[in-house]
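Each chain, written out:
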Amino acid sequence: MSETHTTTPVFPPGRYGRRRDGRRKLAGPIIALTLVVAFSVLISIKLYQRYGETDYQPQIVGWQVPSDAAMTIKFKVRVPAGGAAECALRARDYQGNEVGRRTVVVRAGTGETAIEAEETVTTTARGSVGDVPGCQSAP
């Protein structure tokens, strides 16, 4: 019985292109992944600064119903020193239906961090509860 020994094939130079050495080059994908992660972190930081935890936190002090067509809402809002806040005010009836809404801008004095305001909301029916759903930075 005869044995044949196998040898590695020899290809003519330049005919089949460049031969690979078997190792993968990971520099390109690693750089791309790093750039994507860095970009995502930057976007997350910007969005958190704009929409995340805010200093604009409203608190209801009270409300009065002087007539069937109006409600006076008294509230307090915490703002950065000397800042301004744009607050949405809402009046609701006994069933919880919204009967009036108004957006107001309140400004703090120099160095003050809290604003106490009293605003009137026009209603379409007699209101029973006044609230401030939220405040944000005023332009």
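For the structure, see preceding data.
This section reports on the structure supplied with the text. Quantities reported herein were computed from a predicted structural model and do not represent experimental measurements. (Residues numbered from 1 in each chain as written. Predicted model: local features only at pLDDT ≥ 70, side-chain atom pairs only at ≥ 80, totals over all residues. Heavy atoms only, no water.)

1. Considering the sheet that holds strand 4 (residues 98-107)
Phase 1: With antiparallel pairing, the 3 strands of this open sheet are ordered in space as 4-3-6. In this open sheet, the two edge strands, each paired with only one partner strand, are strand 4 and strand 6 (129-137). Along the sheet, successive strands turn relative to each other by an average axial angle of 20 degrees, direction set aside.
Phase 2: One ladder, built from 9 bridges, connects strand 3 (residues 84-92) with strand 4; its direction is antiparallel. From the neighbouring strand, E86 faces strand 4, where its bridge partner is V105. (Pairing = 2+ DSSP bridges. Helix = DSSP H or I, 4+ residues; strand = E, 2+ residues; numbered from the N terminus. Axes fitted to C-alpha atoms, helices over the stretch in contact; angles between N-to-C directions.)

2. Description of the environment of E112
Phase 1: With respect to the helices and strands, E112 occurs in the loop between strand 4 and strand 5 (114-122).
Phase 2: By relative accessible area, which is 41% here, E112 ends up partly exposed.
Phase 3: Along the primary structure E112 and P80 are separated by 32 residues, whereas in three dimensions their C-alpha atoms are 7.9 Å apart.
Phase 4: Contacts of E112, omitting those with residues within four sequence positions, involve V79, P80, A81 and G82. (Buried < 20%, exposed > 50% of the residue type's maximum accessible area, 1.4 Å probe, protein only. Contact = heavy atoms within 4.5 Å.)

3. With respect to the sheet that holds strand 1 (residues 57-67)
Phase 1: Spatially, 1-2-5 is the arrangement adopted by the 3 strands of the open sheet, whose pairing is antiparallel. Unpaired on one side and paired on the other, strand 1 and strand 5 mark the two borders of the sheet. Going from strand to strand, the sheet's axes swing by 20 degrees on average, the running direction of each strand aside.
Phase 2: In the sheet, strand 1 pairs with strand 2 (residues 70-78) via 8 bridges, with the strands oriented antiparallel. Across the sheet, the residue bridging to Q59 is K76, located in strand 2.

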